[in-house]
Amino acid sequence: MQYHTRYCTHCAAPLAPIVQMEDGGPKERLRCPDCGWTHWNNPTPVLAAIVEVDGKVLLARNAAWPGKMYALITGFMEAGESPEQGIVREVKEETNLDVHACTLVGAYEFLRMNQIIIAYHVQARGEVRLSAELVDYRLYDLPDLRCWPAGTGYALADWLRTRGHEPVFFTAEENAERRRGLE
Ligand SMILES: [Zn+2]
(Lines give C-alpha, C1' and ligand atoms only; values in the text may rest on other atoms or scores of the structure.)
Protein backbone atom coordinates (compact mmCIF):
# COMPACT_ATOMS: atom_id res chain seq x y z
CA MET A 1 0.00 0.00 0.00
CA GLN A 2 1.27 3.43 -0.91
CA TYR A 3 0.39 6.39 1.26
CA HIS A 4 0.27 9.94 0.03
CA THR A 5 1.29 12.76 2.33
CA ARG A 6 -1.49 15.32 2.38
CA TYR A 7 -0.98 17.12 5.69
CA CYS A 8 1.95 18.92 7.28
CA THR A 9 3.80 16.55 9.64
CA HIS A 10 4.51 19.49 11.99
CA CYS A 11 1.23 21.45 12.21
CA ALA A 12 -1.31 19.23 10.38
CA ALA A 13 -2.39 21.95 7.93
CA PRO A 14 -3.30 20.67 4.44
CA LEU A 15 -0.30 20.80 2.08
CA ALA A 16 -0.51 22.77 -1.15
CA PRO A 17 1.57 22.91 -4.36
CA ILE A 18 3.75 25.96 -3.73
CA VAL A 19 6.61 27.27 -5.88
CA GLN A 20 9.78 28.26 -4.02
CA MET A 21 13.30 29.12 -5.11
CA GLU A 22 15.64 26.16 -4.56
CA ASP A 23 19.29 25.51 -5.53
CA GLY A 24 18.09 24.27 -8.93
CA GLY A 25 15.74 27.23 -9.53
CA PRO A 26 12.02 27.76 -8.84
CA LYS A 27 10.39 24.46 -7.90
CA GLU A 28 6.81 23.48 -7.14
CA ARG A 29 6.42 20.97 -4.32
CA LEU A 30 3.84 20.13 -1.72
CA ARG A 31 4.57 22.59 1.09
CA CYS A 32 2.81 23.79 4.22
CA PRO A 33 1.23 27.24 3.70
CA ASP A 34 1.21 27.80 7.49
CA CYS A 35 4.67 26.79 8.75
CA GLY A 36 6.69 26.37 5.55
CA TRP A 37 7.42 22.61 5.91
CA THR A 38 8.32 20.99 2.56
CA HIS A 39 7.34 17.46 1.56
CA TRP A 40 10.54 16.52 -0.28
CA ASN A 41 9.27 13.08 -1.30
CA ASN A 42 12.78 11.66 -1.43
CA PRO A 43 13.08 8.00 -2.48
CA THR A 44 13.08 5.46 0.36
CA PRO A 45 16.14 3.18 0.60
CA VAL A 46 15.33 -0.52 0.31
CA LEU A 47 17.91 -3.25 0.90
CA ALA A 48 18.04 -6.37 -1.27
CA ALA A 49 20.13 -9.52 -0.92
CA ILE A 50 21.27 -12.13 -3.43
CA VAL A 51 21.61 -14.86 -0.81
CA GLU A 52 24.16 -17.54 -1.67
CA VAL A 53 24.02 -20.76 0.35
CA ASP A 54 26.43 -23.61 -0.50
CA GLY A 55 26.96 -22.22 -4.01
CA LYS A 56 23.26 -21.85 -4.76
CA VAL A 57 21.10 -18.72 -4.76
CA LEU A 58 18.02 -18.55 -2.55
CA LEU A 59 14.96 -16.85 -4.00
CA ALA A 60 11.82 -16.55 -1.90
CA ARG A 61 8.14 -16.00 -2.46
CA ASN A 62 6.28 -13.36 -0.49
CA ALA A 63 2.90 -14.40 0.95
CA ALA A 64 1.26 -11.61 -1.09
CA TRP A 65 2.74 -12.76 -4.41
CA PRO A 66 1.37 -15.12 -7.06
CA GLY A 67 2.59 -18.74 -7.13
CA LYS A 68 5.37 -18.41 -9.68
CA MET A 69 6.99 -15.26 -8.35
CA TYR A 70 10.28 -15.75 -6.51
CA ALA A 71 12.70 -12.92 -5.84
CA LEU A 72 15.49 -11.55 -3.68
CA ILE A 73 15.20 -10.98 0.05
CA THR A 74 14.35 -7.32 0.60
CA GLY A 75 13.53 -5.01 3.45
CA PHE A 76 13.59 -1.43 4.64
CA MET A 77 16.52 0.07 6.47
CA GLU A 78 16.00 0.83 10.15
CA ALA A 79 17.10 4.12 11.71
CA GLY A 80 20.55 3.84 13.28
CA GLU A 81 21.96 0.96 11.23
CA SER A 82 24.35 0.84 8.27
CA PRO A 83 23.13 -0.72 5.01
CA GLU A 84 25.37 -3.74 5.69
CA GLN A 85 23.94 -4.18 9.19
CA GLY A 86 20.46 -3.80 7.72
CA ILE A 87 20.84 -6.52 5.11
CA VAL A 88 22.41 -8.93 7.61
CA ARG A 89 19.43 -8.31 9.91
CA GLU A 90 16.87 -8.73 7.12
CA VAL A 91 18.39 -12.01 5.91
CA LYS A 92 18.34 -13.33 9.49
CA GLU A 93 14.77 -12.18 10.14
CA GLU A 94 13.37 -13.52 6.88
CA THR A 95 15.36 -16.76 6.41
CA ASN A 96 17.11 -17.44 9.74
CA LEU A 97 20.41 -17.66 7.82
CA ASP A 98 23.59 -16.12 9.23
CA VAL A 99 25.50 -13.89 6.81
CA HIS A 100 29.29 -14.30 6.89
CA ALA A 101 30.23 -12.22 3.84
CA CYS A 102 28.54 -9.19 2.30
CA THR A 103 29.49 -7.37 -0.93
CA LEU A 104 27.75 -4.41 -2.56
CA VAL A 105 26.37 -5.18 -6.04
CA GLY A 106 24.96 -1.74 -6.81
CA ALA A 107 22.16 0.78 -6.43
CA TYR A 108 19.06 0.54 -8.62
CA GLU A 109 16.03 2.69 -9.28
CA PHE A 110 12.50 1.58 -8.50
CA LEU A 111 10.65 4.65 -9.71
CA ARG A 112 7.12 3.28 -9.43
CA MET A 113 7.49 2.90 -5.67
CA ASN A 114 9.78 5.95 -5.27
CA GLN A 115 12.43 3.64 -3.82
CA ILE A 116 16.16 3.20 -4.28
CA ILE A 117 17.30 -0.41 -4.06
CA ILE A 118 20.71 -1.06 -2.52
CA ALA A 119 21.62 -4.59 -3.55
CA TYR A 120 24.14 -6.89 -1.86
CA HIS A 121 25.50 -10.33 -2.55
CA VAL A 122 25.67 -12.18 0.76
CA GLN A 123 27.08 -15.56 1.62
CA ALA A 124 25.07 -17.23 4.34
CA ARG A 125 24.80 -20.46 6.25
CA GLY A 126 22.45 -22.16 8.67
CA GLU A 127 19.05 -23.76 8.56
CA VAL A 128 16.39 -21.96 6.50
CA ARG A 129 13.33 -21.00 8.53
CA LEU A 130 11.11 -18.51 6.73
CA SER A 131 9.39 -15.59 8.44
CA ALA A 132 5.61 -15.29 8.26
CA GLU A 133 6.11 -12.79 5.41
CA LEU A 134 7.47 -15.55 3.15
CA VAL A 135 5.71 -18.76 2.14
CA ASP A 136 8.30 -20.63 0.09
CA TYR A 137 11.88 -20.55 -1.16
CA ARG A 138 13.93 -22.26 -3.83
CA LEU A 139 17.66 -22.78 -4.20
CA TYR A 140 18.94 -22.25 -7.73
CA ASP A 141 22.16 -23.24 -9.43
CA LEU A 142 23.55 -20.13 -11.08
CA PRO A 143 22.90 -21.21 -14.71
CA ASP A 144 19.23 -21.88 -13.84
CA LEU A 145 18.52 -18.34 -12.59
CA ARG A 146 16.26 -16.13 -14.71
CA CYS A 147 16.26 -12.37 -14.19
CA TRP A 148 13.20 -10.13 -14.21
CA PRO A 149 13.08 -6.67 -15.80
CA ALA A 150 12.91 -4.60 -12.59
CA GLY A 151 15.38 -3.16 -10.07
CA THR A 152 16.27 -6.31 -8.14
CA GLY A 153 16.30 -8.38 -11.36
CA TYR A 154 18.93 -6.05 -12.84
CA ALA A 155 20.96 -6.45 -9.65
CA LEU A 156 20.83 -10.22 -10.05
CA ALA A 157 21.88 -9.86 -13.71
CA ASP A 158 24.85 -7.64 -12.83
CA TRP A 159 25.97 -10.07 -10.14
CA LEU A 160 25.68 -13.09 -12.47
CA ARG A 161 28.00 -11.32 -14.94
CA THR A 162 30.61 -10.95 -12.17
CA ARG A 163 30.41 -14.73 -11.74
CA GLY A 164 30.96 -15.40 -15.44
CA HIS A 165 27.31 -16.12 -16.33
CA GLU A 166 25.60 -14.08 -19.03
CA PRO A 167 22.20 -13.35 -17.45
CA VAL A 168 19.06 -14.68 -19.09
CA PHE A 169 15.91 -12.60 -18.62
CA PHE A 170 12.36 -13.89 -18.59
CA THR A 171 10.64 -13.20 -21.91
CA ALA A 172 7.80 -10.65 -21.79
CA GLU A 173 5.28 -13.53 -21.83
CA GLU A 174 7.08 -15.43 -19.09
CA ASN A 175 7.28 -12.32 -16.95
CA ALA A 176 3.58 -11.57 -17.46
CA GLU A 177 2.82 -15.17 -16.43
CA ARG A 178 5.11 -14.85 -13.42
CA ARG A 179 3.35 -11.67 -12.30
CA ARG A 180 -0.20 -12.83 -13.08
CA GLY A 181 -2.42 -12.08 -10.10
CA LEU A 182 -0.10 -9.44 -8.63
CA GLU A 183 -1.82 -6.23 -7.54
ZN1 LIG B 1 2.92 23.13 8.81
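Definitions and limits used
- Residues numbered from 1 in each chain as written.
- Predicted model: local features only at pLDDT ≥ 70, side-chain atom pairs only at ≥ 80, totals over all residues.
- Helix = DSSP H or I, 4+ residues; strand = E, 2+ residues; numbered from the N terminus.
- Buried ≥ 20, exposed ≤ 12 C-beta atoms within 10 Å, placed from the backbone.
- Core = buried A, V, L, I, M, F, W, Y, C linked by C-beta atoms within 7 Å.
- Contact = placed C-beta atoms within 7 Å.
- Expected span 1.5 Å × (residues − 1).
- Domains from an automatic or database assignment.
- Pairing = 2+ DSSP bridges.

**Q** Hey, could you go over unusual backbone geometry for me, with residue numbers and the actual values?
**A** Unusually for a residue other than glycine, Ala12 sits at a positive phi of about 70 degrees. Considering the arrangement of structural elements, one finds Ala12 in the segment before β1 (16-22). For Ala12, a count of 10 C-beta atoms within 10 Å puts it in the exposed group. Positioned with a positive phi, Asp54 is a non-glycine residue whose angle comes to about 50 degrees. Among the secondary structure elements, Asp54 is positioned in the loop between β3 (44-53) and β4 (56-62). Take Asp54: there are 9 C-beta atoms within 10 Å of it, and that puts it in the exposed class.

**Q** Break down the nonpolar core for me, with residues and values.
**A** Grouped together as the largest cluster of nonpolar side chains are 31 residues, with contacts concentrated most on Ala48, Ala49, Ile50, Val51, Val91 and Ala155. Put simply, the parts of the chain that give this core at least two residues each are β3, β4, α1 (83-95), β6 (98-110), β7 (115-125) and α2 (151-162). Beyond its immediate chain neighbours, meaning those up to four positions away, Val51 contacts Val57, Leu58, Ile73, Val91, Thr95, Leu97, Val122 and Ala124.

**Q** Account for α1, naming residues and giving values.
**A** Its 13 residues place the ends of α1 18 Å apart at the C-alpha level, agreeing with the 18 Å of an ideal helix rising 1.5 Å per residue. When we look at burial in α1, the residues that qualify are Gly86, Ile87, Val88, Glu90, Val91, Glu94 and Thr95. Of the surrounding elements, those touching the buried residues of α1 are β3, β4, β5 (73-76), β6, β7 and β8 (134-140).

**Q** Hey, could you go over the domain arrangement of the protein for me, with residue numbers and the actual values?
**A** Taken domain by domain, the protein consists of domain 1 (1-41) and domain 2 (44-179). For domain 1 versus domain 2, the separation of C-alpha centres amounts to 34 Å.

**Q** I'd like a rundown of the pairing of β4, residues and numbers included.
**A** Pairing of β3 with β4, which is carried by 3 bridges, proceeds in the antiparallel orientation. For Val53, the partnering residue across the bridge sits in β4 and is Lys56. Connecting β3 to the next strand, β4, in antiparallel fashion are 2 residues, including Asp54 with a positive phi near 50 degrees. Pairing analysis gives 6 bridges linking β4 to β8, with the strands arranged antiparallel. The partner of Leu58 across the bridge, within β8, is Leu139.

**Q** So what's going on with the environment of Pro33? Residues and values would help.
**A** Structurally, Pro33 can be placed in the loop between β2 (25-31) and β3. Its 12 C-beta neighbours within 10 Å are what place Pro33 among the exposed residues. For the pair Pro33 and Pro83, spaced 50 residues apart in sequence, the C-alpha to C-alpha distance is 36 Å. Ignoring anything within four residues of it in the chain, the contact list for Pro33 reads Ala13, Ala16 and Ile18.

**Q** Help me get a handle on α2, residues and values and all.
**A** Taking 1.5 Å per residue as the helical rise, α2 with its 12 residues ought to reach 16 Å, and the 17 Å between its terminal C-alpha atoms agrees with that figure. When α2 is considered as a whole, its buried residues turn out to be Gly151, Thr152, Gly153, Tyr154, Ala155, Leu156, Ala157 and Trp159. On the buried face of α2, the contacting elements are β3, β5, β6 and β7. Looking one or two residues beyond α2, the residue adopting positive phi is Gly164, at roughly 85 degrees.

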